[in-house]
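Spelled out, the chains give:
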Amino acid sequence: MEKPPLTSDEEDTRMGESRSEAELLDLGVQGTSGGVVSSGDVDDRPAWDSKLQYVLAQVGFSVGLGNVWRFPYLCHQNGGGAFMVLYVMLLVVVGVPLFFMELAAGQCIRQGSIGVWKHISPKLAGIGYSSCMVCFFVALYYNVIIAWSLFYMGNSFQYPLPWEQCPINMTTNNTVKECSGSSPTSYFWFRKALDITDSIDESGEFNPIMTGCLLAAWAIVCLAMINGIKSSAKVMYFSSVFPYAVLFIFLVRGLMLDGAMEGIAYMFYPKIEIWAEVQVWRQAATQVFFALGLGYGSVIAYSSYNPIHNNCHRDALMVSCINFMTSVLASLVVFVVLGFRAKNIVLNCITQNLGLLNDMATHGSNHHWWPWFNMSDPASVTIPDYREWYHHYGSQVGTNITDCDLDEEMSKGVEGTGLAFIAFTEAMAQFPASPFWSTLFFLMLLNLGMSTMFGTMQGILTPLMDNFSLLGRHRTMLTVCSCALGFVIGLLFTQRSGNYFVTMFDDYSATLPLIIVVVFETFAVAWVYGADRFLDDIEIMLKWRPPVLYKYLWKYVCLFAMVGLLAASLLRMVFKRPTYTAWNHTTASETTLEYPGWALAMLATLILAATLPVPVGYFHSWLKNRGMGPEGELAGQEIDRERYTKCNSSDALDSNSQHTPSVEDDGRPRASFLPLGLDHYRLLPQQEDVEEEEEDTM
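This structure is a prediction, so every number in the text was calculated from the model and none was measured.

Explain the confidence of the model for the protein chain here, please?
The predicted coordinates should not be examined in detail at positions where pLDDT is low. Confidence in the prediction of the protein chain, expressed as mean pLDDT, is 78, and 79% of residues score 70 or more. pLDDT under 50 marks residues 1–43. Its contacts with residues more than four places away, or in other chains, come to 51 contacts. Overall, residues 640–698 carries pLDDT values under 50, and its contacts beyond four positions in sequence, including any with other chains, amount to 108 contacts.

This is how it looks when you write it as structure tokens:
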């Protein structure tokens, strides 16, 4: 016989007693961070020392090198202010909801990415493994960029800077041809720093200096991560805050430079017609996606160390706003410096051309197209005056006299590593006290890279330690071995052709796999687990219910947006063969080459290796449960869920709450992120007696 249902009075009394018992038990399981955690989690689950530590960690991970060079480049190439408006719109509609979803899932389940998705459904455990794979691929090449920053920072302690002037060939006593054909900064980057080959097919020997810098970079990461968040969080106080101080210093200094206003005007000039291009939407969505670090598992890992009742919704809004404002701040700094650089180049161009015109005048040349301005005083000639004259008579003056276009110069050397290691270094070489500014800039890049690396490594280590108890017991050994493995594999990038492999990993090892991961994450929460159920659990965790708008954003808008982004990325790869930019030392210029067949195979292997865990995990779970039948499969899922820590939320409902557990159609209570029962708590003796009496009455 079934137990008779309780009357309303008895039910209220019983629930009140349960809440009282839970509150008594909670006194024994309050974590040092102030949140409610399960009893088994108190001794071994780390926690942030303060909310500031956590916010700095999330901001440090999401704000990285991409904010300094990728966002300004995209803003410049895609309509300036129009791109910013589009970016903000996609950030609000897609970025913030997905970021909030990852924060809430990690904070509630208190596991890394593997445990979170296995908790939702064992068939989706592969999502967490895919996140770990992508994090590992990103860590491999990201630390190489940190090694480059270390190299440049070390060379900044010289006066004059080694990239200010072209070296002299001691044999011919002339300027090195490769340098005179390009620029001192380009020559230093491609020949001195990278000693690069002409294509990816020519591997070349190892670059010993870069190998040493890479070893130093991995050593710094290892030392900062060796004690988990307790050690990395302390480093975050400096690595996350210092870049902002440097950006503000550069902005103030940059606004004093000639050409700063031209750079800002170029940045914000709106081109609304650019919205009609699909490519612009794809790039804006991709930037939102990578700016917040979605899919890496690092957001989940960091939030898993939070108190259970932490307001993760406010955190999502705050971190997203800080991220966007940082991108705008970095763009202002970039464009005032690029404006200064471009204006100097254009003024030098005008001076050279006026010198040629003066030479023509000394030989008695006097034509109707002769300039109306004073050629003997180049400083008095403005750029608009010169361009107006050239526009009317440029075709008649011969090839020696060239146009001096400020917009054209602004568009050069803006993308990727070229911005930091060519364009920015060229501009800083013209600063007074250039070694100081160069050291400050590369120290900022070093800190930006390190804070992102800490989050990336946390996205690898936390899921592994949570999911495998043996690794969890040997945290130090796991950290050291992971960093050592990263260094050994990273030797691929310290070859003379290593820069081409960095480009390959940056363009393809993370983009498609991460989009696929986030598509499955969104589908898992919105459709497999259920958006309403997820909001129910968040309501219990936060003690207030987020707007129902999130339900429709997760189920439809975010999911369709990510699927559309995935389709656009795949179509671009199919219809446009992957290419890379190579340096030709003979012509001293960059050229675009197609990847050879073996490189395409390597590229495809990277994508497959990162995405394969998702289908493999699904079929492994399906084969495991195939012979159990429906009841056995459901029981297996519940057992898997019970392996992970669950948030105790019985005390989260106050007397005015109307939230009640819903029941499936078959009458079976549903599984939840936040189970209403005290699954992991010891029953009080009085409650044990009550249950014994109830059993006797059956």
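Moving on, there is more to tell.
Explanation requested: helix H4 (residues 81–109) in the structure shown.
Since there are 3.6 residues in each turn of an α-helix, residues three or four apart along the chain are aligned in direction. In a regular helix each residue adds 1.5 Å, so 29 residues correspond to 42 Å; H4 covers 40 Å between its end C-alpha atoms and thus fits that length. In terms of burial, H4 is a largely internal element, 24 of the 29 residues being buried. Directly beyond the C-terminal end of H4, a positive phi value near 60° is found at arginine 110.

How should I be thinking about the nonpolar core in this particular structure?
Taken as a class, soluble globular proteins show a tendency for nonpolar side chains to be buried jointly. Among the nonpolar cores identified, the biggest contains 204 residues, and Phe250 and Trp554 are the most heavily contacted of them. No other element matches the 21 residues that helix H15 (residues 312–362) contributes to this core.

What's the story with the packing of aromatic side chains in this structure? I'm lost.
Two measures describe an aromatic ring pair: the distance that separates the ring centres and the angle between the ring planes. Scanning the entire structure with this criterion turns up 42 aromatic pairs. Measuring from centroid to centroid gives 5.1 Å for phenylalanine 493 and phenylalanine 505, while their planes differ by 85°, and the two rings are edge-to-face. Of the two residues, phenylalanine 493 is situated in the loop between helix H21 (475–490) and helix H22 (498–509) and phenylalanine 505 in helix H22; the sequence distance between them amounts to twelve residues. For the residue pair phenylalanine 493 and phenylalanine 505, the accessibility class agrees, reading buried in each case. Note on phenylalanine 501 and tryptophan 598: the rings are 6.1 Å apart at their centroids and 40° apart in plane angle, and the pair reads as tilted. Of this pair, phenylalanine 501 sits in helix H22 while tryptophan 598 sits in helix H25 (residues 597–611), placing them 97 residues apart in sequence. Lying over the aromatic face of phenylalanine 431, arginine 253 brings its terminal NZ or CZ to 5.5 Å of the ring centre. A cation over an aromatic ring shows up here: lysine 555 above the ring of tryptophan 527, its NZ or CZ 4.3 Å from the ring centre.

So what exactly am I meant to see when it comes to the UniProt feature "binding site: Na(+)" (unreviewed entry) in the protein chain here?
Under the UniProt annotation, the feature "binding site: Na(+)" (unreviewed entry) is placed at Gly60, Val63, Asn67, Asn323 and Leu448. A maximum C-alpha distance of 12.6 Å places the annotated residues, which cover 389 residues in sequence, within one compact spot. On the basis of relative accessible area, glycine 60 is assigned to the buried category, the value being 4%. Apart from the residues within four sequence positions on either side, glycine 60 is in contact with Ser240, Ser451 and Thr452. Structurally, asparagine 323 can be placed in helix H15. Asparagine 323 gets classed as buried once you look at its relative accessible area, which sits at 1%. Apart from residues no more than four positions distant in its own chain, asparagine 323 is found in contact with Ser62, Val63, Asn67, Tyr87, Ala291 and Leu292. Polar contacts involving the side chain of asparagine 323 include one to the side chain of asparagine 67, which spans 3.4 Å.

Rules used throughout
Residues numbered from 1 in each chain as written. Predicted model: local features only at pLDDT ≥ 70, side-chain atom pairs only at ≥ 80, totals over all residues. Heavy atoms only, no water. pLDDT = per-residue confidence, 0-100. Contact = heavy atoms within 4.5 Å. Helix = DSSP H or I, 4+ residues; strand = E, 2+ residues; numbered from the N terminus. Expected span 1.5 Å × (residues − 1). Buried < 20%, exposed > 50% of the residue type's maximum accessible area, 1.4 Å probe, protein only. Core = buried A, V, L, I, M, F, W, Y, C linked by side-chain atoms within 4.5 Å. Phe/Tyr/Trp six-rings, centres within 6.5 Å; stacked < 30°, edge-to-face > 60°. Lys NZ or Arg CZ within 6 Å of the ring centre and 35° of its normal. UniProt positions renumbered as here; feature names shortened; annotations may be inferred. Polar contact = N/O pair within 3.5 Å; in protein donor to acceptor, adjacent residues only side chain to side chain.

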